[in-house]
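Secondary and tertiary structure notes
Residues per chain, in single letters:
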Amino acid sequence: MSTEHAPSAPPPLVSLLVCTKGRSAQLERLFESLLLQTCRDFEVVLVDQNEPGTLEPIVGRYRDRLSIDHARSAPGLSRARNVGLARCRGDLIAFPDDDCWYPPGLVAAVVRLFAEHPGADAVTGRTLDAAGRESLGAFLAADQAVGRRNVWFSGNSNGLFVRRAAARAVGGFDESLGVGAPTPFRSGEETDFLLRLLAQGRGVVFRHGLVVHHDQVAEAGRHTRAADYARGFGRVLRLHRYGLVYLGFRLARFTASGTRALLRRDTGTARDKALWAIGTVAGYCAARRGAGETVAGGQGAFGR
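Overview of the structure. For clarity, every value in this text was computed on a predicted model and none was experimentally measured.

Take the nonpolar core next. By size, the foremost hydrophobic cluster in this structure holds 42 residues, and its most contacted members are Leu17, Phe95, Trp152, Val162, Phe193, Leu197 and Leu237. For this core, the leading source of residues is helix H6 (residues 189-199), giving five residues.

A few words on the state of the cysteines. What the rule picks out here adds up to zero disulfides. Unpaired in this structure, cysteine 39 has its nearest cysteine sulfur neighbour in cysteine 88, at a distance of 16 Å. Not part of a disulfide, cysteine 88 finds its nearest cysteine sulfur in cysteine 19, a span of 9.2 Å. Given the relative accessible area of 2%, cysteine 88 is considered buried.

For the rest of this paragraph, the subject is the pattern of salt bridges. One pass over the structure, following the stated rule, counts 18 salt bridges. For arginine 89, the salt bridge is made with glutamate 43, and the minimal N-O distance between the two is 3.3 Å. With a gap of 46 residues between them, arginine 89 in the loop between helix H3 (77-85) and strand E4 (92-94) and glutamate 43 in strand E2 (residues 42-48) connect regions that are remote in the sequence. Salt-bridge contacts for arginine 231 lead to aspartate 228; the nearest nitrogen and oxygen are separated by 2.6 Å. Placement of both arginine 231 and aspartate 228 in helix H7 (residues 222-239) is noted, with a separation of three residues, approximately one turn of the helix. Accessibility expressed as a relative area gives 25% for arginine 231, which makes it partly exposed.

Time to look at the environment of alanine 141. Inspection of the secondary structure assignment puts alanine 141 in the loop between strand E6 (120-128) and strand E7 (144-145). Given the relative accessible area of 71%, alanine 141 is considered exposed. The spatial distance from the C-alpha of alanine 141 to the C-alpha of aspartate 192 is 22 Å, given a sequence separation of 51 residues.

On to H3. Because each turn of an α-helix spans 3.6 residues, side chains separated by three or four positions end up pointing in the same direction. H3 sits mainly inside the fold: seven of its nine residues count as buried. For H3, the set of buried residues is Leu77, Ser78, Ala80, Arg81, Asn82, Gly84 and Leu85. Buried residues along H3 sit against strand E1 (14-20), E2, E4, helix H5 (164-169) and H6.

Moving on, we get to the environment of glycine 248. Residue position: glycine 248 is located in helix H8 (residues 244-263). Each C-alpha atom, one on glycine 248 and one on valine 281, is 9.6 Å from the other, the two residues being 33 residues apart in sequence.

This paragraph deals with H8. With 20 residues, H8 extends 28 Å between its outermost C-alpha atoms, agreeing within 8% with the 28 Å of an ideal straight helix rising 1.5 Å per residue. What H8 keeps buried is the set Tyr246, Leu247, Arg250, Phe254, Gly258 and Ala261. In a view along the axis of H8, the buried residues occupy a sector of 115°, so they form one face of it. Turned more than 90 degrees away from the buried face of H8 sit Leu244, Val245 and Leu263, all of them exposed.

Before going further, it helps to spend a moment on the pairing of strand E9 (residues 203-214). Summarising burial for E9: nine of the twelve residues are buried, a large majority. Strand direction decides the pairing type here: strand E5 (residues 100-101) and E9, joined by two bridges, are antiparallel. From the neighbouring strand, tryptophan 101 faces E9, where its bridge partner is histidine 213. In this structure, E6 lies alongside E9, joined through seven bridges in parallel fashion. Opposite threonine 124, over in E9, you have phenylalanine 206 as the bridge partner. The sheet contact formed by E7 and E9 spans two bridges and is antiparallel.

Now for the environment of alanine 166. Along the chain, alanine 166 falls in helix H5. Since its relative accessible area comes to 1%, alanine 166 is described here as buried. Taking the C-alpha atoms as reference points, alanine 166 and alanine 218, separated by 52 residues in sequence, lie 34 Å from one another.

Conventions adopted
- Residues numbered from 1 in each chain as written.
- Predicted model: local features only at pLDDT ≥ 70, side-chain atom pairs only at ≥ 80, totals over all residues.
- Heavy atoms only, no water.
- Core = buried A, V, L, I, M, F, W, Y, C linked by side-chain atoms within 4.5 Å.
- Buried < 20%, exposed > 50% of the residue type's maximum accessible area, 1.4 Å probe, protein only.
- Helix = DSSP H or I, 4+ residues; strand = E, 2+ residues; numbered from the N terminus.
- Disulfide = S-S within 2.5 Å.
- Salt bridge = Lys/Arg side-chain N within 4 Å of Asp/Glu carboxyl O.
- Contact = heavy atoms within 4.5 Å.
- Expected span 1.5 Å × (residues − 1).
- Arc of directions from axis to C-beta.
- Pairing = 2+ DSSP bridges.

By themselves, these observations are geometric and do not establish any function.
Here is the structure:
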């Protein structure tokens, strides 16, 4: 199933690549926020991993108000993103989750930032919940260039915006990483993507005022999430040759944070930090994919 664009239609300035599974109400919230954008020169590339027909009613309600290219993909978030990357026509690409939403001026702000920073191939920002609190992680406190030392605090995929040429040149996303991957490494795909951009000498900048909205992570399943995400984190450390000294530094931080939580009698946070430490070591020490493993390119649709 696919809604193709007319051959004569000019390419949009921005492609919003949305991969979705099991979130109909949240997807509608995202679409409603897109209708309010002050810059409407964008397309939605919707990569669907639901049962066939599940999203047809939603797509039908928005098709006359949003430019939607509806495609399907086999399971795996990174795989779905690579399917979508091959279809994106915009010069700039964004990766909104199906459960995030955009403030009205976001697309315009992204277009302006790339115009102001012609040497940047990617721009990152923060995610905040509806109350204005940071969600999905901790972020850098001020605008700055992104490098190997601070990439871990420069945002997540919701706040990642990249030039299409750079996304394709770097090889897309590594399909062995991320939610739904056929491996134990259920996170880290966007950080791996940024690190491969940096390894090619491409410019990446973080902008503290660039905001996408996303709810806080649900309490249910938080420990499973910590264990899954930690293995991906450890895997990315290994893939990009962050040596044992850096690994030890991060483990020491987990230990210190866990100890402070125990002193506060916050056993939930202490358990999370322990799971992060254990999972990070497991991901770092996992068997390598093989002799051809490299940080120079991805294992996705453009890296093969």
